[in-house]
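Coordinate analysis (summary)
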Amino acid sequence: MSYVPSTEAQRKEMLAAVGVSDYRELYADVPQQMLLTEPLDIPPGMGELEVSRAMNALANKNVQYTTILRGAGAYDHYIPAAVRSIPAKEEFLTAYTPYQAEMSQGVLQSIFEYQTMICELTGMDVSNASVYDGATAAAEAAAMCRDRKRSVTLVSAAAHPDVINTIRTYCYGTGDEMRVIPAKDGHTDLDALREMLGSDVSCVYIQQPNFYGLLEDATAIGEAVHEAGALYVIGANPISLGILKTPRECGADIAVGEGQPLGLPLGFGGPYLGFMAATTKLMRKLPGRIVGETVDTAGNRAYVLSLQAREQHIRREKASSNICSNEALCALTASVYMAVMGPQGLAEVARQCTAKAHYLAEKLTAIDGIDLVYPGAFFHEFVTTLPRQNEVLSALETAGILGGLPLDEGVLWCVTEKASRDDLDRAVSIVKEVLA
Amino acid sequence: MELIFEKSVAGRACDILGACDCDYVDLPQDVLRAQPPKLPELAEVDVTRHYTELCHHVHGVNCGFYPLGSCTMKYNPRIDEEIAALPGFQRIHPLAPQHAVTGCREVLDLARSYLCKISGMDNMTFQPAAGAHGEFTGVLLIKQYHDSRGDTARTKIIVPDSAHGTNPATAAMCGYEVVNIPSAPDGCVDLDALANALGDDTAGLMLTNPNTVGLFDQNILKITAMVHEAGGLCYYDGANLNAVMGVVRPGDMGFDCIHMNLHKTFATPHGGGGPGACAVGCKEFLSEFLPKSALMDEAGHLQVRSFAGNFLVVVRALTYLMSMGREGIPEAAHNAVLNANYLMRRIQGTFEPAFDRICMHEFVLDLSEFKKETGVSALDVAKSLIDYGMHPPTMYFPMIVHEALMLEPTETESKETLDWAAGVFAELYELGKTNPAVMHEAPHHAQIGRPDEVRASRTPVLRWYPQEEGSAAL
């Protein structure tokens, strides 16, 4: 099956029209010793039914848990039915980047609406049309902040390890330096940060809530960063922004984050969504596509890809980033999610996550030998000690529950609105049983 | 069309979650936001109808002909979507224990094995999320290789002037100085220019083959040998792999690393701009430099994003690879090349190709003579195509051809569609001669006329504001 619609007879007719008798003549420019003489060493093609059978068999090899109490950068939220079906419309699904505005107003308007929602969520002035994920959003934000005098990026040790690694990798590319701000009691160490804030520091990146689920004193950190003349980047969980202070309210110059919680499936890690928003001052440094409103020849409202002078297809090696494709369909999914949930619904998801995470924390820490590792307020994740960790986690697995993520200092639990109180009680009783 | 915010009615909502069965907790007041975000307040019917209205003003490849050169807009099979939607793939946490994700691992292993065979590479990562991201990953392999040998004097990457803009932008992101070399008149690499650019400071060459004018560079073995002789490595930009997959392999052309766009060559949908997914392959000696994920694999490695990449896109690509199999892959390439040549010959005689010879999967029309004669530009022709329901070709690229229109029909278009498209071009050719004014104002039947891009850039309006907040311009 090659999805080629032309019949054999038509192919012959077309070859003749081109003036060749055979496909091989079309490849006359290819040095003949390089042409493959053997068929590719991959299996023969299959019909749709056979492929479906084979791929279903692969999917069935994975374990699907009924309850997922693990987060650490990928969150198991409820995805409303409309959020699944709307982005699957073939028009949205199979379009390319909206280069031709007259034929792409639907995509362009949806991106403009997405940009607005991200600005509302983060409190920032301008948003781009998305980047690959939360980690690359953080790395791109750090790149936006550098200039000749200030090139060092400071990253909190309490940020997600993948994010720290990705920022380090982007810094390796440009030859810039990244330094890690130590954590103290699971929070960014503010005293250590103050000492590290030299005149060569371009920006500071923290995550809110941080990797351990804890709420940072983001406002105090921001004040220290600005006093030292650096820029402040906050990586925020978008669901938490239903109720938590916006990055702007905490003083951020750039807000970024992983948009996966906004209606995207876990999907073994992707595709996810990197959101990026900034102050007006930094607008022309934002990487990637940005949609702007304008008018057409008749004076009617119209949307276009805008501020393209920043981008690689115009600026080439002087572009602010090499990004071309982004995560448009994921941004559309997030927009549909935010539209379905509305301001009250999003706040309710955040409140239910908080309520249920605190319920589980309370029940777990009532068990002998289980304690919170870090002090302080948390959102929907927390770290506990856990005796006989492997035994407990596999007992939970046997019952269809994916327990928290093992870390050096304990186990990182996450609870979303999807877990019912009964699910949590069941998990707690299994932990109790193992430790009894 | 009204914006979704303009349809909002205070107090309207969808009931998604129902009541909370645990007691709410109060977080400290000083961590809470002052006001809720101004998201739209809508019923489900409002949301559904809003996006249905929007989708009526979007053209996807599954809706109609989309010969957007260098973007390989081939039909996106429905089965690929159905498989990617299986709960056994969708509901899998990236940090679930190894034994619980054997199906996912097998998907990645199978896709890696098939794509290594197709590209002639030894190893591969799926971490990069898009083509440009893959270029970044690939050039970082080159950088790490030279660094690991203490060969730090190699500071330059060579890029032909016909290259996609992402190539030089990528080299710059990897800290390299970009050496742009002019192309020969036929759009291929100018061997003298290459020889002059090569030296002890050459880290590598980035090349697309077939190149951006749709020609296979006959000197490819000589080119890669020259770079290797100078101590540099060769990077293959897989944007145009669709022409040659199953016919000839980049690994056999002398390339050391490569990226393949799963969203072009392997039929995964482009989603109005993404998500894509990218496979970066390399020869064995570069394997140790491939990126890893801090939480999933070895820490301390380079990593270009979180977790294992756009996995659900890889699922679609594997479904496609399985459907195609060993015969289907070259059959697709053959017919992509045949369709491009057929369409070029059908159009020739009206608009003229920039290079009058057999092309690969795409060809470039040069409208500079036509413009001189009629005043009708490539842009005018492109905009006129919209009125016929055809997505315009890539315009004004590559930059080495003036008034360029680059067409890539792909293998999934039928002879009937190509004949129809050639007829449309012929009609526009005649129209340009008889009534050029009407083409300057095209499109006439689209949802909007030509937008004022200068205004968009000079007075940026990048988000909606509620009425009472006044001025929207930044």
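Procedures and definitions
- Each chain carries its own residue numbering, running from 1 in the written order of its sequence.
- Numbering of ligands from 1 and lettering of chains from A proceed in the order in which they are written.
- Local features in a predicted model are, by the rule used here, given only for residues with pLDDT of at least 70; side-chain atom pairs are given and counted only at 80 or more, and totals for whole chains, interfaces and linings are based on all residues.
- Calculated side-chain values reflect all of the structure's heavy atoms, with hydrogen atoms and water omitted.
- Strands here mean DSSP runs of E at least two residues long; helices mean DSSP runs of H or I at least four residues long; both are numbered from the N terminus.
- Radius of gyration here is computed from C-alpha atoms only, and the compact-globule reference equals 2.2 Å multiplied by the residue count raised to the power 0.38.
- Burial status follows relative accessibility: with a 1.4 Å probe on protein chains alone, a residue under 20% of its type maximum counts as buried, one over 50% as exposed, and anything between as partly exposed.
- Contacts were defined at the residue level, with two residues in contact if any of their heavy atoms lie within 4.5 Å.
- Only the protein chains shown count as cover for residues, and the accessible areas themselves come from Shrake-Rupley with a 1.4 Å probe.
- Counting rule applied: Lys, Arg positive; Asp, Glu negative; His and chain ends not counted.
- Charge positions are represented by NZ for Lys, CZ for Arg, CG for Asp and CD for Glu.
- Segmentation of the chain into domains, including their bounds, is taken from an automatic or database domain assignment.
- The buried area of a pairing is the accessible area, by a 1.4 Å probe, that goes missing from both parts when the two are put together, added over both.
- Put simply, a salt bridge is a Lys or Arg side-chain nitrogen that is within 4 Å of an Asp or Glu carboxyl oxygen.
- Any pair of N or O atoms that falls within 3.5 Å is considered a polar contact. Within protein, one atom must be able to donate a hydrogen and the other to accept it, and sequence-neighbouring residues count only if both atoms are side-chain atoms.
- Here the term charged refers only to Asp, Glu, Lys and Arg, the term nonpolar to Ala, Val, Leu, Ile, Met, Phe, Trp, Tyr, Cys and Pro, and the term polar to all other amino acids, Gly among them.
- Following DSSP output, two strands are said to pair if at least two bridges run between them.
- Only the contacting stretch of a helix is used when fitting its axis, a line to C-alpha atoms as for every element, and angles between N-to-C directions run 0 to 180 degrees.
- Here roughly perpendicular refers to angles of 65 to 115 degrees, roughly parallel to angles under 35, roughly antiparallel to angles over 145, and oblique to all remaining angles.
- Crossing handedness is read from the near helix: turned anticlockwise from the far helix by less than a right angle, it gives a left-handed crossing, and turned clockwise, a right-handed one.

1. Overview of the overall build of chain B
- Along its length, chain B carries 15 helices and 11 strands.
- Whereas a compact globule of 474 residues would reach a radius of gyration of roughly 23 Å, chain B reaches 25 Å, a difference of no more than 12%.
- With respect to the three principal axes, the spread of C-alpha positions in chain B is 75 × 65 × 45 Å.
- Scored against the burial criterion, the 474 residues of chain B give a buried share of 65%.
- Long-range contacts, defined here as pairs at least 24 residues apart, represent 71% of the contacts in chain B between residues at least 6 apart.
- Carbon and sulfur atoms provide 48% of the accessible area of chain B, an area that totals close to 15300 Å².
- Of the side chains in chain B, 35 bear a positive and 59 a negative charge, and the two mean positions are spaced by 1 Å.

2. Some thoughts on the domain arrangement of chain A
All names here are of chain A.
- The domains assigned to chain A are domain 1 (67–78 + 343–435) and domain 2 (81–335).
- Taken together, the contacts link 27 residues of domain 1 with 24 residues of domain 2.
- Across the domain 1/domain 2 interface, buried area totals approximately 1900 Å², and carbon plus sulfur atoms make up 70% of it.
- Ranking the residues of domain 1 by area buried against domain 2 places L346, Y374 and F379 at the top, with a combined share of 28%.
- Counting every contact that joins domain 1 to domain 2 gives zero salt bridges.
- Summed over the shared surface of domain 1 and domain 2, the number is four residue pairs in polar contact (both at pLDDT 80 or more).
- Those elements that provide at least two residues to the side of domain 1 that touches domain 2 are α11 (328–365) and β13 (381–384).
- Here the element with the most residues in the side of domain 1 that touches domain 2 is α11; it accounts for six residues.
- Grouping the amino acids of the side of domain 1 that touches domain 2 by side-chain chemistry returns 18 nonpolar, five polar and four charged.

3. Considering the sheet that holds β13 of chain A
Residues and elements named next belong to chain A.
- In space, the three strands of this open sheet follow the order β13-β16-β15, with antiparallel pairing throughout. Looking along the sheet, the strands with just one partner apiece sit at the ends: β13 and β15 (405–407). For this sheet, the mean angle separating the axes of adjacent strands, direction not counted, is 30 degrees.
- The pairing of β13 with strand β16 (residues 410–414) spans four bridges and is antiparallel. Across the sheet, the residue bridging to F382 is W413, located in β16.
- Sheet contacts for α11: β13 and β16; angle to β13, the most-contacted strand, approximately 15 degrees.

4. Examining the domain arrangement of chain B
Residues and elements named next belong to chain B.
- Its domain assignment divides chain B into domain 1 (4–55), domain 2 (78–322) and domain 3 (334–455).
- Domain 2 and domain 3 are separated by 30 Å when their C-alpha centres are compared.
- A combined buried area of about 1500 Å² lies between domain 2 and domain 3, and 62% of that area is made up of carbon and sulfur atoms.
- When the area that domain 2 buries against domain 3 is broken down by residue, the three leading residues are V213, L215 and N242, summing to 32%.
- At the surface where domain 2 touches domain 3, the tally comes to three residue pairs in polar contact (both at pLDDT 80 or more).
- Taken together, the residues that form the side of domain 2 that touches domain 3 break down as 10 nonpolar, 10 polar and two charged.

5. Here we look at the pattern of salt bridges
- Counting across every chain of the model gives 40 salt bridges over all chains.
- The partner of D76 of chain A in a salt bridge is R91 of chain B, and the shortest N-O contact between them spans 3.6 Å. Taken together, the residues span two chains, with D76 of chain A in the loop between β1 (67–68) and α3 (81–85) and R91 of chain B in the loop between α3 (87–90) and α4 (102–119).
- Here the salt bridges share partners, and the residues they tie into one network are E13 of chain A together with R346, K415 and D419 of chain B.

6. A closer look at the packing of helix α2 (residues 48–61) of chain A against helix α10 (residues 311–347) of chain B
- Packing of α2 of chain A against α10 of chain B leaves a shortest axis separation of 10 Å and a crossing angle of 140 degrees. The pairing of α2 of chain A with α10 of chain B is recorded here as oblique in orientation. In the packing of α2 of chain A onto α10 of chain B, the handedness of the crossing is right-handed. When α2 of chain A is examined against α10 of chain B, the residues V51, A54, M55 and L58 of chain A are found in contact with a partner set consisting of V315, L318, T319, M322 and S323 of chain B.
- A breakdown of the residues in the contact of α2 of chain A with α10 of chain B according to their chemical character gives seven nonpolar, two polar and no charged.

7. A few points about the side chain of N62 of chain B
- One can find N62 of chain B in the loop between α1 (44–55) and α2 (78–84).
- For N62 of chain B, a relative accessible area of 19% puts it in the buried group.
- At 2.8 Å, the side chain of N62 of chain B forms a polar contact with the side chain of E90 of chain A.
- The contacts of N62 of chain B, once residues within four sequence positions are left out, are E90 and T94 of chain A together with Y75, N76 and R78 of chain B.

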